[in-house]
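Coordinate analysis (summary)
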Amino acid sequence: VSTQSTWDTFQKMIWILLSFFVLSSCMEKGVDVSKPFYDCKCLVEQGQSFFIPRCYQSIGKVDPFCTRNLDNARAVGLKTDLYIFPCVPCGNPAKQIADTVQEVGNRAVGIYWVDVEEYRWFPDKSKNLEFIKAMVAAIKAKGKKPGIYTNYHMWDLIVGLECSEFSNLPLWFCHYDRKQNCDVFKPFGGWKKPLFKQYQGTTSVCNGEVDLNIACQYFCLLYTSD
């Protein structure tokens, strides 16, 4: 066997090992919360790396536990996004975003996720689209990064599967199969690949209630919360 052949084989083995390491590190785990959460250190010890608290409520008010949850998470080194559960009947999506941004202040937050799920939307899909567009535009106007939380069924119900208006934004999709991978994802709304998958609903972890999430390996190397 030639020296060159041995070297080529060695390089291939190194590449395979590095690829495996990168893909494994991409599959980061995290939680989202809609209640106060205190033991974030426990989350880190259990291998969680990102934390997404609700910061606006569907009743039309800023979540009173938003900033405390963000502070607790950042204090132990968790990456932080936040999510907004819009109050559609309240109207004025720009104000809902402005109130959220004001509440959060200068805290480090990666993505402002707009929660698009089945709850008090207009019967008219075109009105729903305009509401979401206004909310996304308001997030961008504040110098923040928007994303969309939804799934195939909810998107179809609220704006229609053919709506690809936001396909350039990160997607966080929910599918409660308890599997820590994103293999089940089916493209919709112009999205080909998701950033996060919420794979398990309300779960008791570290003396608090959370939803469980996995970072899909496709986008993880591009993602940062700082």
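In what follows, the structure referred to is the one given above.
This text gives an overview of the structure that appears in the document. None of the values given here were measured: they were computed from a predicted structure.

**Overview of the overall build of the protein chain**
The helix and strand inventory of the protein chain stands at six helices and nine strands. Residues counted as buried form 46% of the 226 residues belonging to the protein chain. In the protein chain, once contacts between residues fewer than 6 apart in sequence are set aside, the share between residues at least 24 apart is 67%. For the protein chain, the accessible surface area stands at approximately 11600 Å², while carbon and sulfur atoms represent 54% of it.

**Things to note about the pattern of salt bridges**
Taken as a whole, this structure holds seven salt bridges when the rule is applied. For R54, the salt bridge is made with D63, and the minimal N-O distance between the two is 2.7 Å. Each member of the pair, R54 as well as D63, is classed as buried. Residues K133 and E130 are paired through a salt bridge, measuring 3.6 Å at the closest nitrogen-oxygen approach. Residue K133 and its partner E130 are located together in helix α5 (residues 125-141), separated by three residues, close to a single helical turn. Owing to a relative accessible area of 29%, K133 belongs among the partly exposed residues under this scheme.

**A look at helix α4 (residues 93-104)**
With twelve residues, α4 extends 17 Å between its outermost C-alpha atoms, agreeing within 8% with the 16 Å of an ideal straight helix rising 1.5 Å per residue. For α4, the set of buried residues is P93, Q96, I97, T100, V101 and V104. In an axial view of α4, the angular spread of the buried residues amounts to 130°, which keeps them on one side of the axis. On its buried face, α4 is in contact with β2 (48-56), α3 (66-75), β4 (82-84), β5 (111-115) and α5.

**Concerning the nonpolar core**
Within the largest apolar cluster, 34 residues are counted, with the highest numbers of intra-cluster contacts made by I132, I148, W155 and F166. Put simply, the parts of the chain that give this core at least two residues each are β2, α3, β4, α4, β5, α5, α6 (152-158) and β7 (171-174). Per element, the largest residue contribution to this core is seven residues, and it comes from α5. What I132 contacts, discounting residues up to four positions off in sequence, is V116, W121, I148, W155, V159 and F166. Judged by nonpolar contacts, the second largest core, of 17 residues, contains L43, V205, C206 and I214.

**Thoughts on the packing of α4 against α5**
Following both chains from N to C, one finds α4 and α5 inclined at 35°, their axes separated by 8 Å at the closest point. As for how α4 packs across α5, the hand of that crossing is right-handed. Along the contact surface, α4 presents P93, A94, Q96 and I97, while α5 presents F131, A134, M135, A138 and I139. Within the contact of α4 with α5, the residues separate by chemical class into eight nonpolar, one polar and no charged.

What counts and what doesn't
Residues numbered from 1 in each chain as written. Predicted model: local features only at pLDDT ≥ 70, side-chain atom pairs only at ≥ 80, totals over all residues. Heavy atoms only, no water. Helix = DSSP H or I, 4+ residues; strand = E, 2+ residues; numbered from the N terminus. Buried < 20%, exposed > 50% of the residue type's maximum accessible area, 1.4 Å probe, protein only. Contact = heavy atoms within 4.5 Å. Areas by Shrake-Rupley, 256 points an atom, 1.4 Å probe, with all protein chains shown as cover. Salt bridge = Lys/Arg side-chain N within 4 Å of Asp/Glu carboxyl O. Expected span 1.5 Å × (residues − 1). Arc of directions from axis to C-beta. Core = buried A, V, L, I, M, F, W, Y, C linked by side-chain atoms within 4.5 Å. Axes fitted to C-alpha atoms, helices over the stretch in contact; angles between N-to-C directions. Left-handed = near helix turned anticlockwise from the far one by under 90°. Nonpolar A, V, L, I, M, F, W, Y, C, P; charged D, E, K, R; others polar.

That is the geometry; function is a separate question.
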